[in-house]
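Residue strings, one per chain:
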2 protein chains.
Amino acid sequence: MKNSRFLNALLRKPVDATPVWMMRQAGRYLPEYRATREKAGDFLTLCKTPELACEVTLQPLDRYALDAAILFSDILTIPDAMGLGLSVNEGIGPRFERPVKTEQDIKNLAVPDMEDELGYVMNAVRLIRSELNGRVPLIGFSGSPWTLATYMIEGGSSKDFRETKTLMYQQPDLLHQLLETVAHSVTDYLNAQIAAGVQAVMIFDTWGGVLTTRDYASFSLRYMQQIVDGLNKGNGDDRIPVILFTKGGGLWLEQMADTGCDALGLDWSIEIGEARKRVGDKVALQGNMDPAMLRAPNERIREEVKHILNSYGEGSGHIFNLGHGITPDIDPAKVEVYVDAVHEFSRRGCC
Amino acid sequence: MKNSRFLNALLRKPVDATPVWMMRQAGRYLPEYRATREKAGDFLTLCKTPELACEVTLQPLDRYALDAAILFSDILTIPDAMGLGLSVNEGIGPRFERPVKTEQDIKNLAVPDMEDELGYVMNAVRLIRSELNGRVPLIGFSGSPWTLATYMIEGGSSKDFRETKTLMYQQPDLLHQLLETVAHSVTDYLNAQIAAGVQAVMIFDTWGGVLTTRDYASFSLRYMQQIVDGLNKGNGDDRIPVILFTKGGGLWLEQMADTGCDALGLDWSIEIGEARKRVGDKVALQGNMDPAMLRAPNERIREEVKHILNSYGEGSGHIFNLGHGITPDIDPAKVEVYVDAVHEFSRRGCC
């Protein structure tokens, strides 16, 4: 590995500068992404064609001094492989043709075969690893069981998660049954990604924050715990670090750190220094600049990067990131200001 | 006052049972509300006609043993009075015909005259107080300056607050200027409501939770602090308690309590007992059942009410509420289960 900053920071080993990457770094803000997306015809074809997924995964690395690559894919590949019929309109969001509506629908769900039904993901991982050729580590990922369940039940994005919460409060055992199947699938999926070559994994719990503390523990965190326990993480220098990210989960960092994961992703609402005080040396922290800050003047972006680095403080264990994905309207030149500021200020800080 | 539980709990004086009310208790889940709304023709006419606003304010009190009434109105009355041209479609949400787009738009904003331009609100307050005739206290309210600013700038509801955050990061002084004008307006507005007869006030910061900790302090909390400082709160037994509610503000309870407000509204994400540990005896706490729980079987609703009461624990200072407004799909019979459970379990607890 030519650049191990990211993996070292995840394991809280010394680093020469704070590593940085961005959620959705391969995305619509980049003209070269839009060109590949155009060539693919639609978003899912882009995900399902390893050569194209590889192409867009590498694009941001050619522009910026990023310290990690993340597999280009969608969090809804698992329910799609379960037969729910995914379509993605980048303007409107994802839709399932056959959402989970009845008890029988839940009983019919089966863990997909990873090579037969999700082989395109593993092929993309193998191709990206080969093309990266040790430049930076490759991150694999999945949605959390709770987050996937909301899409499977609502049939798409939701404002109030009405159907999912109704099921949760009226027939909790049935929801648990669905979550069990999804948690097994996510475990197999991430293990298959690890076998194919990803060097770290991240679980995106985009919607855990809409739950009460009690419901978060039993309907979201419990299943992420099962996954953390079931991953083939390996040992020592080959250990595959696991990052948990619950958007809106700032109240639950201690419980998340107790799962045995290696790092927590933070959204922008919390001061990273406060988060560090709360979790101590248990885990590394990844985050957490507001993506909207990338619309600010350059000096303001640099001031914010410096503030977040200072808030985290001395020592390793910080991976710089945005608090959520970069949005399509951002000027690509701003990303360079952000990435370079992280390295500049953190290198100065440590030397 | 025949029933002072609500005011006593806000001031942490002894109560015979935990008081309870619901955000949006006068709302679309009630058939009698829908009938009055129909009669009014549109939502804003309902808000702007004191007799009709009074009628819907009282409707839930006739059905349920609620311990407080809340003025029926909309949080966007102030920007409407500023000339932005409000229309409200209950399905889609509010829209401003003339949102704030330019520096000149911000400079042109003026504090509305409370009797000339918002007299309909004060007339509704006077009429409701007279009709209530001391049955329960009447709560007045306003949106927070930050929350009002987001609607004024975006022109309506928003998913990512793009325009507001762009202004915040590109021209913070201009946003502060807007917030100053709105904060003065809110202070005058709540003082006019107090003069007209409301017995407690609540500030709804629906969108403070989308900010970073630093930005929350300078763009939202700072202006709520100005309002708390500027209210004619009175003294002793006539003191008008002030409730601050930031949805998604669970990380900032200590700072909110430091404003000198009397109570904090809590959304459902936090355990109320944890919140109490953090703020100690500084403020009362209002909340915090997930409104989706009102779709559960009766016994599950009762179990949740008991859990929240036990989590708060012994002693006064708890006002039971939902963590957000009740939704239109709720069966009115469920509300009775909820309200009665609060009284039943808290009376048993205290005697």
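Residues numbered from 1 in each chain as written. Chains lettered and ligands numbered in written order. Predicted model: local features only at pLDDT ≥ 70, side-chain atom pairs only at ≥ 80, totals over all residues.

### Some thoughts on the overall build of chain A
Item 1. A tally of helices and strands in chain A yields 15 helices and nine strands.
Item 2. Relative to its length of 351 residues, chain A is compact, with a C-alpha radius of gyration of 19 Å against a globular reference of 20 Å.
Item 3. Its C-alpha atoms give chain A principal-axis dimensions of roughly 60 × 45 × 40 Å.
Item 4. Sequence separation of 24 or more characterises 71% of the internal contacts of chain A that already satisfy a separation of 6 or more. (Helix = DSSP H or I, 4+ residues; strand = E, 2+ residues; numbered from the N terminus. Rg over C-alpha atoms; globule rule 2.2 N^0.38 Å. Contact = placed C-beta atoms within 7 Å.)

### Some points on the relation of the copies chain B and chain A
Item 1. When chain B is brought onto chain A, the operation consists of a screw motion whose angular component is 180° and whose axial shift is 0.0 Å, with 0.0 Å RMSD remaining. Viewed as a symmetry operation, the transformation between the two copies matches a two-fold axis. Of every C-alpha in chain B, the one belonging to Leu 251 of chain B sits nearest the axis of rotation, 3.4 Å from it.
Item 2. Interface overlap between copies: 100% of the residues of chain B at the interface are likewise at the interface in chain A, consistent with a symmetric, same-surface contact. (Least-squares fit on C-alpha atoms with pLDDT ≥ 70 in both.)

### Considerations on the interface of chain B and chain A
Item 1. At the interface, 23 residues of chain B touch 23 residues of chain A.
Item 2. Counting residues per element, the side of chain B that touches chain A draws most heavily on helix α9 (residues 162-170) of chain B, which supplies four residues.
Item 3. Here the side of chain B that touches chain A is composed, by residue class, of eight nonpolar, nine polar and six charged. (Nonpolar A, V, L, I, M, F, W, Y, C, P; charged D, E, K, R; others polar.)

### Thoughts on the sheet that holds strand β1 (residues 69-70) of chain A
Residues and elements named next belong to chain A.
Item 1. Ordered in space as β1-β4-β5-β6-β7-β8-β9, the seven strands form an open sheet in which the pairing is parallel. If you trace the sheet from one side to the other, it starts and ends with β1 and β9 (318-322), each paired once.
Item 2. Examined bridge by bridge, strand β8 (residues 284-289) and β9 share five bridges and lie parallel to one another. Bridge pairing links Gln 286 to Ile 319 in β9.
Item 3. Together, β8 and β9 form the strand contacts of helix α14 (residues 298-312), whose direction differs from that of β8 by roughly 155°. (Pairing = 2+ DSSP bridges. Axes fitted to C-alpha atoms, helices over the stretch in contact; angles between N-to-C directions.)

### Remarks on the packing of helix α4 (residues 50-63) of chain A against helix α7 (residues 114-132) of chain A
All names here are of chain A.
Item 1. It is the contact of α4 with α7, at a shortest axis distance of 8 Å, that shows an interaxial angle of 50°. Classed by the angle they form, the pair α4 and α7 counts as oblique. Between α4 and α7 lies a crossing of right-handed hand. Residues Pro 50, Glu 51, Ala 53, Cys 54, Thr 57 and Leu 58 of α4 pack against Tyr 120, Asn 123, Ala 124, Leu 127, Ile 128 and Glu 131 of α7.
Item 2. Taken together, the residues of the contact of α4 with α7 break down into eight nonpolar, two polar and two charged. (Parallel < 35°, antiparallel > 145°, perpendicular 65-115°, else oblique. Left-handed = near helix turned anticlockwise from the far one by under 90°.)

### Observations regarding helix α10 (residues 172-196) of chain A
Item 1. An ideal rise of 1.5 Å per residue puts 36 Å on 25 residues; α10 of chain A measures up with 35 Å between its terminal C-alpha atoms.
Item 2. One or two positions beyond α10 of chain A, positive phi appears at Gly 197 of chain A, with a value near 130°. (Expected span 1.5 Å × (residues − 1).)

### Concerning helix α8 (residues 145-154) of chain B
Residue and element names in this part refer to chain B.
Item 1. With ten of ten residues buried, α8 lies mostly within the body of the structure.
Item 2. Buried within α8 are the following residues: Pro 145, Trp 146, Thr 147, Leu 148, Ala 149, Thr 150, Tyr 151, Met 152, Ile 153 and Glu 154.
Item 3. Immediately beyond the C-terminal end of α8, within one or two residues, lies Gly 155, with a positive phi of roughly 85°. (Buried ≥ 20, exposed ≤ 12 C-beta atoms within 10 Å, placed from the backbone.)

### A few points about the pairing of strand β2 (residues 86-89) of chain B
Residue and element names in this part refer to chain B.
Item 1. Pairing between β2 and strand β3 (residues 93-96): four bridges, direction antiparallel. The partner of Asn 89 across the bridge, within β3, is Gly 93.
Item 2. What sits between β2 and β3 in their antiparallel hairpin is a turn of three residues.

### Points about the sheet that holds strand β5 (residues 200-205) of chain B
Residue and element names in this part refer to chain B.
Item 1. Taken together, seven strands build an open sheet; the order of strands is β1-β4-β5-β6-β7-β8-β9 and the sheet is parallel. Looking at strand neighbours, the two that pair on one side only are β1 (69-70) and β9 (318-322), the edges of this open sheet.
Item 2. Note: β5 against strand β6 (residues 242-246), five bridges, orientation parallel. Bridge pairing in β6 links Phe 204 to Phe 245.

### Some thoughts on the environment of Gly 83 of chain B
Item 1. Counting through the fold element by element, Gly 83 of chain B comes out in helix α5 (residues 77-84).
Item 2. Sequence separation between Gly 83 of chain B and Val 228 of chain B is 145 residues; the distance between their C-alpha atoms is 26 Å.

### What about the environment of Pro 241 of chain A?
Residues and elements named next belong to chain A.
Item 1. By the element assignment, Pro 241 lies in the loop between α11 (213-230) and β6 (242-246).
Item 2. With 102 residues separating them along the chain, Pro 241 and Ile 139 place their C-alpha atoms 9.5 Å apart.
Item 3. Setting aside residues no more than four positions away along its own chain, Pro 241 makes contact with Leu 7, Leu 10, Leu 11, Ala 200, Asp 262 and Ala 263.

### Some thoughts on the pairing of β6 of chain B
All names here are of chain B.
Item 1. Along β6, five of the five residues are buried, which leaves the element largely enclosed by surrounding structure.
Item 2. Side-chain alternation along β6 places Val 242, Leu 244 and Thr 246 on one buried face and Ile 243 and Phe 245 on a second face that is also buried.
Item 3. For the crossover from β5 across helix α11 (residues 213-230) to β6, the handedness is right-handed.
Item 4. Bridge analysis of β6 against strand β7 (residues 263-265) gives three bridges, and the strand direction is parallel. Bridging across to β7, Leu 244 finds its partner in Leu 264. (Right-handed = clockwise from strand over helix to strand, strands pointing away.)

### Quick look at unusual backbone geometry
Item 1. Cis geometry is adopted by the peptide bond preceding Asn 288 of chain A, which originates at Gly 287 of chain A and carries an omega value of -5°.
Item 2. Following the sequence through the fold, Asn 288 of chain A ends up in strand β8.
Item 3. Residues other than glycine seldom take positive phi values, yet Arg 24 of chain B does so here, at roughly 60°.
Item 4. Here Arg 24 of chain B lies in the loop between α1 (5-10) and α2 (31-40).

### Brief notes about the confidence of the model for chain A
Item 1. Mean pLDDT over chain A works out to 96, with 99% of the residues at or above the 70 mark.
Item 2. Across the assembled chains, the prediction reports ipTM 0.95 with pTM 0.96. (pLDDT = per-residue confidence, 0-100.)

### Thoughts on the packing of α8 of chain B against α9 of chain B
Residue and element names in this part refer to chain B.
Item 1. Where α8 meets α9, the closest approach of the two axes is 8 Å, and the angle between their N-to-C directions is 105°. Taken together, α8 and α9 sit at an angle that is classed as roughly perpendicular. Contacts between α8 and α9 involve Ala 149, Thr 150, Ile 153 and Glu 154 on the former and, on the latter, Glu 163, Thr 164 and Leu 167.

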